Amino acid sequence: QVQLVESGGGLVQAGGSLRLSCAASGRTFSRYTMAWLRQAPGKEREFVAAISWSGGVTYYADSVKGRFTISRDNAKNTVYLQMNSLKPEDTAVYYCAADTAPMHSSPYRIEEYDYWGQGTQVTVSS
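Residues numbered from 1 in each chain as written. Predicted model: local features only at pLDDT ≥ 70, side-chain atom pairs only at ≥ 80, totals over all residues. Heavy atoms only, no water.

Caption draft 1: Quick peek at the packing of aromatic side chains. Evaluation of the coordinates by the stated rule reveals three aromatic pairs. With centroids separated by 6.2 Å and ring planes inclined at 75°, the aromatic side chains of Tyr-95 and Trp-116 adopt a geometry described as edge-to-face. Separated by 21 residues along the polypeptide, Tyr-95 in strand S9 (residues 92–99) and Trp-116 in strand S10 (residues 115–116) bring together distant segments of the chain. Classification of Tyr-95 as buried rests on a relative accessible area of 13%. Relative accessible area serves as the criterion here: at 26%, Trp-116 is assigned to the partly exposed category. Each residue in the set Phe-47, Tyr-59 and Tyr-108 is aromatic and connected to the rest through ring pairs, giving one cluster. The aromatic ring of Tyr-95 is capped on one face by Arg-45, whose charged end is 3.9 Å from the ring centroid. A cation sits over an aromatic face here: Arg-45 above Trp-116, 4.6 Å from the ring centre. (Phe/Tyr/Trp six-rings, centres within 6.5 Å; stacked < 30°, edge-to-face > 60°. Helix = DSSP H or I, 4+ residues; strand = E, 2+ residues; numbered from the N terminus. Buried < 20%, exposed > 50% of the residue type's maximum accessible area, 1.4 Å probe, protein only. Lys NZ or Arg CZ within 6 Å of the ring centre and 35° of its normal.)

Structure representation (structure tokens):
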């Protein structure tokens, strides 16, 4: 069982920055690929970024590449999403998710993730 709790969301002006955090429970956090996904009003949930268990490999959606950075601290059971140069189209509820299954396909697939946090709202004003 994995519990994920996101924090750090809020209201920011376009061009600003926010840092999201996701605290995970469980002793095996360091084994999991972790990801951030988001859902804007009226839209489907979409992949944002993912990071391998060691932190050595990262994956990004094209829409955030160069602006967002995912990282993790396995000693603190925490994954982060640093968001810079925010745009109004980044407005969404951001979810942290964990892939704990023994078999993996693609970290870009939303279906890959079996544990989710409750989400944190990010609003970017123009």
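Caption draft 2: Seen up close, the nonpolar core. Within the largest apolar cluster, 36 residues are counted, with the highest numbers of intra-cluster contacts made by Met-34, Trp-36, Val-79, Leu-81, Met-83 and Tyr-94. Listed by contribution, the elements that provide at least two residues to this core are strand S3 (18–24), strand S4 (33–39), strand S5 (46–51), strand S7 (68–73), strand S8 (78–83), S9 and strand S11 (120–125). Leave out the neighbours within four places in its chain, and Met-83 touches Gly-16, Ser-17, Leu-18, Leu-20, Arg-67, Phe-68, Tyr-94 and Val-122. (Core = buried A, V, L, I, M, F, W, Y, C linked by side-chain atoms within 4.5 Å. Contact = heavy atoms within 4.5 Å.)

Caption draft 3: Broad picture of the pairing of S7. Every second residue of S7 is oriented toward a common face, the buried set being Phe-68, Ile-70 and Arg-72 and the non-buried set Thr-69, Ser-71 and Asp-73. Relative to S8, S7 runs antiparallel, the two being bridged by six bridges. Across the sheet, the residue bridging to Asp-73 is Thr-78, located in S8. Here S7 hands over to S8 after four residues, with Asn-77 in that stretch at a positive phi of 55°. (Pairing = 2+ DSSP bridges.)

Caption draft 4: Layout of the state of the cysteines. Enumeration according to the criterion identifies one disulfide in this entry. Disulfide pairing is shown between Cys-22 and Cys-96; the S-S distance is 2.1 Å. With the S-S bond torsion at -80°, the cross-link from Cys-22 to Cys-96 turns out left-handed. A residue pair is termed long-range when its members are at least 10 positions apart, and Cys-22 in strand S3 and Cys-96 in strand S9 qualify at 74 residues. Take Cys-22 and Cys-96: they sit in the same class, and that class is buried. (Disulfide = S-S within 2.5 Å.)

In short, shape yes, function no, at least from these values alone.
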